[in-house]
Amino acid sequence: MTPPWTPDILGEGFEQLTLQLDAGAVATLVRYLGARPDGAEQPWAGETDQVSTPGIDADVLYVHGWSDYFFQRHVAEFWHRAGARFYALDLRNYGRSLRPGLTPGFVTDLADYDSDIAAALEAMGRSGAAAGTKRPLILLGHSTGGLTLSLWAHRHPGAADALILNSPWLEFQATEFGRRAIAPLVGLRARLHPLVPLPPVDPGIYTRAVSATLDGEWDYNLQWRPDRGFPITPAFLDAVFRGQATVAAGLGIDIPVLVLLSDKSYLQPKWSANALTADVALNVDAVAHRALSLADTVTISRLPNALHDIFLSSEPIRRLALERIGRWLPVALQQADALVWKARTADL
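Let me begin by describing the structure that accompanies this report. (Residues numbered from 1 in each chain as written. Predicted model: local features only at pLDDT ≥ 70, side-chain atom pairs only at ≥ 80, totals over all residues. Heavy atoms only, no water.)

Below, the discussion takes up helix H3 (residues 144-155). Each α-helix winds once per 3.6 residues, and so residues spaced three or four apart point in a common direction. An ideal rise of 1.5 Å per residue puts 16 Å on 12 residues; H3 measures up with 17 Å between its terminal C-alpha atoms. A large share of H3 lies buried, amounting to 10 of its 12 residues. Every buried residue belonging to H3 is among Thr144, Gly145, Gly146, Leu147, Thr148, Leu149, Ser150, Leu151, Trp152 and Ala153, and all of these are buried. Looking at the packing, one finds that the buried side of H3 touches strand E4 (59-63), helix H2 (114-123), strand E6 (137-142), strand E7 (162-166) and helix H6 (234-248). (Helix = DSSP H or I, 4+ residues; strand = E, 2+ residues; numbered from the N terminus. Expected span 1.5 Å × (residues − 1). Buried < 20%, exposed > 50% of the residue type's maximum accessible area, 1.4 Å probe, protein only. Contact = heavy atoms within 4.5 Å.)

Take a look at the structure:
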């Protein structure tokens with residue numbers, strides 16, 4: 001029996017669904033229904049004959065990054081206003097999916113999340129033989145979620161129509177050379193002591209830049225998004241390094257890709273006001289270069305003074321990012337249609 005959708009912590013219009021996975025693991029799917037001024041639920045476009053929402057008739061699936069979960073209400077509201085059905089996935093061992101006794105963020109291979117994504121797509125009504133005939137699927141991933149979705153799209157050609165990456169962790173902060181140098185050591189430690197935490201490297205600068213209790217504007221669950229992040233395990237870092245190496249070798253994703261990045265990084269270990277106008281988690285120049293390995297069609301959009309999560313930046317930057325998505329997406333979906341047609345006619 002399919003479990004019911006229940007009210008979500010984000011409040012009016014948001015619901016969540018627990019997804020049962022392998023070996024007792026769970027993931028959590030969040031959806032946004034919107035709300036009428038009187039507070040009643042607003043049916044989604046297409047659910048009844050009385051509702052017709054103009055704009056982007058698509059499904060959007062959002063995947064968060066490391067030591068994170070979905071709490072960005074305004075992102076869901078943007079897609080809903082555009083006419084899309086918005087979903088967000090809290091992966092196993094993150095956020096709403098954390099359970100007592102589990103290691104937060106634990107994973108040994110980013111491909112393990114394939115079952116999380118498959119369960120989400122099934123709950124979204126996108127599984128089975130008829131999946132290819134439904135509305136377009138837009139993937140939206142932040143940081144490690146962007147890396148995860150890039151690899152997923154590579155392994156599942158034809159399953160999605162557009163990929164939007166919000167500061168994706170496509171390359172190590174110390175660039176490819178640094179990753180290659182330490183990856184064997186991390187891999188060895190992952191085999192011998194997969195759960196023993198590595199030395200902490202997060203000084204809490206990002207939290208200071210975004211948290212409403214400090215210099216930022218956002219409130220969120222500190223147990224699901226700790227001040228200095230979850231302890232990084234060798235197993236997790238090895239999984240990321242292997243994923244980044246796969247990207248570096250070239251993916252050939254078969255759909256248009258949009259990569260949103262800040263125009264600069266601030267990777268110093270001490271606080272500075274510069275952290276309020278830069279990505280403090282990624283080497284954005286290294287990521288911009290690596291993004292060219294994703295697909296034949298990649299658009300890189302640099303946003304002045306943006307934070308690591310573009311959608312947690314100041315309001316003018318968020319608005320600019322959403323405007324750029326709005327301009328890019330219709331063209332991207334047309335390109336995706338053309339790619340599908342080319343694939344279908346290739347053997348004729």
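It is worth spelling out the packing of aromatic side chains at this point. One pass over the structure, following the stated rule, counts 13 aromatic pairs. Where Phe14 meets Tyr32, the ring centres are 4.5 Å apart and the plane angle is 35 degrees; that geometry is what we call tilted. With Phe14 in strand E2 (residues 14-20) and Tyr32 in strand E3 (residues 26-32), the pair connects residues that are 18 residues apart, well separated along the chain. We classify Phe14 as buried; its relative accessible area is 4%. Positioned above the aromatic ring of Trp5, the side-chain terminus of Arg31 is 4.1 Å from the ring centre. In this structure, Arg225 packs its charged tip against the face of Tyr220, placed 4.9 Å from the ring centre. (Phe/Tyr/Trp six-rings, centres within 6.5 Å; stacked < 30°, edge-to-face > 60°. Lys NZ or Arg CZ within 6 Å of the ring centre and 35° of its normal.)

This part covers unusual backbone geometry. If you check the backbone angles, Ser67 has positive phi at about 55 degrees while not being a glycine. Here Ser67 is to be found in the loop between E4 and helix H1 (73-81). A relative accessible area of 8% places Ser67 in the buried class. Even without being a glycine, Asn305 presents a positive backbone phi close to 70 degrees. With respect to the element layout, Asn305 can be found in the loop between strand E9 (298-303) and helix H8 (315-345).

Below, the discussion takes up the pattern of salt bridges. Taken as a whole and judged by the stated rule, the model has 19 salt bridges. The closest approach of N and O atoms between Glu171 and Arg179, which form a salt bridge, is 2.7 Å. The pair formed by Glu171 and Arg179 is uniform in burial state, with each residue classed as buried. Of the charged contacts in the structure, one is a salt bridge between Asp285 and Arg302, with a shortest N-O distance of 2.9 Å. A residue pair is termed long-range when its members are at least 10 positions apart, and Asp285 in helix H7 (residues 284-291) and Arg302 in strand E9 qualify at 17 residues. What makes Arg302 partly exposed here is its relative accessible area of 28%. When salt bridges that share partners are traced, they join Asp57, Asp59, Arg126 and Arg135 into one network. (Salt bridge = Lys/Arg side-chain N within 4 Å of Asp/Glu carboxyl O.)

That's the geometry; what it means functionally is another story.
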